[in-house]
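Examining the three-dimensional arrangement
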Amino acid sequence: MAPPFDVAIVGGGLAGGLIVLALAARRPEVRVALIEAADRFGGNHVWSCFDSDIDDAHRWLIAPLVSHAWDGHDVRFADHARTLAQSYQSIESERLDAALRAALPPESLMTGAAVTLLTPTSVRLADGRMIAAGGVIDARNAGDVARLNLGWQKFLGQRLDLAGPHGLTRPVIMDATVDQADGYRFVYLLPFGPRSVFVEDTYYSVAPDLDIALLESRIAAYVAAQGWTVTSVGRSETGVLPVCTGGDFEGYWRGSGEGVARAGISGGFFHAMTGYSLVDAVRVAIDVAGMPDLSGSALHAGLHKAAQAHWRGQRFYRLLAKLLFDAADPPERHRVLSRFYRLHPALIDRFYAGRSTLPDKLRIMAGKPPVPLGRAIAILGART
């Protein structure tokens, strides 16, 4: 007897959700189960990307999910500020949840379903149920992170309603004019309306712990310094994203169990320097929808091969992350990003999309590094 589902996806966040939407659009005959431990899909998140991050042929997948879009963005550093023309867009997790509920029948959508065991063709839930499928994909959060050498990009973001206009016409991707005592820190601003703004306090750190009270106080101080009066706080989002400098990729990939296919951050599909995963989630979802064989073994082979290629392609970004964490003193890390944001806009676009060319890499590394020279030389000679 055939299993009730052709594919079971564990993890209803961005990576798993986009695979579902891609399969529903391109392979409607495929019977898909989406299994999520929380009570809704997508969690509580705002995901963003530059317009150039997404291939033209792939825009159809996220276009219905985009909640806000702008024609440009700003960056601010202590020594310079800049407006870049590249468009920017954001997705709120509620859009993803609604799209998934519209794409699949209710019996295919399982929330509040904690998982205790995965195999290439089955999922065991905490309540004892077994879900059989032709193939299983683990698209949950990061796996055995002890296998990787990681720093962290940590943040708290709040959507704030204000008493008066905030005056922003486009996002501020990085306002690094703030205090740098903890390492590279910046405030991220998304204007969701004339009196509504998403304010996120972000910093790069060697430890994954998150002091929420501290970040709330930092946001309050920043908002007060702008002269804004808050009337209410909407969504509040926290995140701890991996920034990878090296490690045992194969050991990390086996974290779910031998032979289990992986996607999203748990599969290593994220930008090593930024920790962002939206761009790779789109690419992987399109790839999965195009696989002729969706059996457990074929999914594992295809996604493992893609993850290996991604790991190799991320070597330069792991090197940059290592320079940031190991060569720069914490209060001086902002100099690395400040220097980077003086470069050509097209180079910056390719960097965030993970498509830096050899000339891009040479240009990024050219000149006197904004870190102690001896440490930089030692890191450049190390494996990542």
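In short, a report on the structure. (Residues numbered from 1 in each chain as written. Predicted model: local features only at pLDDT ≥ 70, side-chain atom pairs only at ≥ 80, totals over all residues. Heavy atoms only, no water.)

1. Quick word on the overall build of the protein chain
Each helix and strand in the protein chain was counted, giving twelve helices and 17 strands. Taken over C-alpha atoms, the radius of gyration comes to 21 Å for the protein chain, in line with the 21 Å a tight globule of 384 residues would show. Based on the C-alpha atoms only, the size of the protein chain along its principal axes is roughly 65 × 55 × 40 Å. Per-residue burial for the protein chain yields a buried fraction of 54% across its 384 residues. In the protein chain, the proportion of contacts linking residues at least 24 apart, taken out of those at least 6 apart, comes to 76%. Counting only carbon and sulfur atoms, one obtains 55% of the accessible surface of the protein chain, whose full area is about 15700 Å². Distance between charge centroids for the protein chain: 5 Å, based on 39 positive and 39 negative side chains. (Helix = DSSP H or I, 4+ residues; strand = E, 2+ residues; numbered from the N terminus. Rg over C-alpha atoms; globule rule 2.2 N^0.38 Å. Buried < 20%, exposed > 50% of the residue type's maximum accessible area, 1.4 Å probe, protein only. Contact = heavy atoms within 4.5 Å. Areas by Shrake-Rupley, 256 points an atom, 1.4 Å probe, with all protein chains shown as cover. Lys, Arg positive; Asp, Glu negative; His and termini not counted. Charge placed at Lys NZ, Arg CZ, Asp CG, Glu CD.)

2. Let's talk about the pattern of salt bridges
In this structure the tally under the stated criterion is 19 salt bridges. A salt bridge links Arg235 to Glu92, with the shortest nitrogen-to-oxygen separation between them at 3.0 Å. Pair noted here: Arg235 is in strand S16 (residues 230-247) and Glu92 is in strand S7 (residues 88-92), with a separation of 143 residues, a long-range link. Of the residues examined, Glu92 reaches a relative accessible area of 11% and is grouped as buried. When the shortest N-O distance is used, the salt bridge between Arg140 and Asp138 registers 2.9 Å. A relative accessible area of 34% places Arg140 in the partly exposed class. For Asp138, a relative accessible area of 2% gives the class buried. (Salt bridge = Lys/Arg side-chain N within 4 Å of Asp/Glu carboxyl O.)

3. Here we look at the packing of helix H1 (residues 14-26) against helix H3 (residues 93-103)
Direction vectors running N to C along H1 and H3 enclose 35°, while the axes themselves pass 10 Å from each other. As for the relative orientation of H1 and H3, their crossing is left-handed in sense. For the pair H1 and H3, contact is made by Leu14, Gly17, Val20, Leu21 and Ala24 and by Leu96, Ala99, Leu100 and Ala103, respectively. Residues of the contact of H1 with H3, tallied by class, amount to eight nonpolar, one polar and no charged. (Axes fitted to C-alpha atoms, helices over the stretch in contact; angles between N-to-C directions. Left-handed = near helix turned anticlockwise from the far one by under 90°. Nonpolar A, V, L, I, M, F, W, Y, C, P; charged D, E, K, R; others polar.)

4. Structural notes on the pairing of strand S13 (residues 172-175)
Here strand S5 (residues 73-76) runs beside S13; their pairing, made up of three bridges, is parallel. Following the sheet pairing, Asp74 is matched in S13 by Val172. Relative to strand S14 (residues 185-193), S13 is paired through two bridges, and the arrangement is antiparallel. Paired with Val172 across the two strands is Leu189, which belongs to S14. (Pairing = 2+ DSSP bridges.)

5. Brief notes about the sheet that holds strand S3 (residues 46-50)
Spatially, three strands are ordered S3-S7-S4 in an open sheet, and the strand pairing comes out antiparallel. Two strands close off the open sheet at either side, each with one partner strand: S3 and strand S4 (66-70). For this sheet the average axis-to-axis angle between neighbouring strands, irrespective of direction, equals 20°. With four bridges connecting them, S4 and S7 associate as antiparallel partners. Residue pairing in the sheet places His68 in a bridge with Ser90 of S7.

6. As for the environment of Gly164
By the secondary structure assignment, Gly164 is in the loop between strand S12 (148-162) and S13. Taking relative accessible area as the criterion, Gly164 reaches 23% and is therefore assigned partly exposed. Once residues lying within four places of it in the same chain are set aside, the contact partners of Gly164 are Pro194 and Arg195.

7. Description of the environment of His80
Looking at the element boundaries, His80 is found in the loop between S5 and strand S6 (81-84). Taking the C-alpha atoms as reference, His80 lies 8.6 Å from Arg342; in sequence the two are 262 residues apart. The contacts of His80, once residues within four sequence positions are left out, are Ser338, Tyr341 and Arg342. Of note is the side chain of His80, whose polar atom sits 3.1 Å from the backbone oxygen of Ser338. (Polar contact = N/O pair within 3.5 Å; in protein donor to acceptor, adjacent residues only side chain to side chain.)

8. Focus on the nonpolar core
Membership of the largest hydrophobic core comes to 90 residues, with the highest contact counts inside it found for Leu18, Ile137, Met174, Val288 and Tyr341. Counting residues in hydrophobic clusters, the runner-up holds 16 residues, among them Leu168, Val178, Leu189 and Leu215. (Core = buried A, V, L, I, M, F, W, Y, C linked by side-chain atoms within 4.5 Å.)

9. Remarks on helix H10 (residues 345-352)
Along H10, the residues that are buried comprise Leu347, Ile348, Asp349, Phe351 and Tyr352. With its phi angle positive at about 75°, Gly354 sits one or two positions after the end of H10.

10. Some points on the packing of H1 against helix H6 (residues 278-289)
Closest axis-to-axis distance for the H1/H6 pair is 8 Å, and the angle between their directions is 35°. Two packed elements cross with a definite hand, and for H1 against H6 that hand is right-handed. Every residue of H6 that contacts H1 at Leu14, Ala15, Leu18, Ile19, Ala22, Leu23 and Arg26 is listed here: Leu278, Ala281, Val282, Val284, Ala285, Val288 and Ala289.

11. Digging into the side chain of Thr274
Tracing the backbone through its elements, the reader meets Thr274 in the loop between strand S17 (261-262) and H6. Apart from the residues within four sequence positions on either side, Thr274 is in contact with Gln153, Tyr204, Leu241, Val243, Phe351 and Tyr352.

12. Brief notes about the pairing of strand S9 (residues 115-119)
As judged from the four bridges shared by S9 and strand S10 (residues 122-125), these two strands associate in the antiparallel manner. For Thr119, the partnering residue across the bridge sits in S10 and is Ser122. From the end of S9 to the start of S10, which pair antiparallel, there are two residues.

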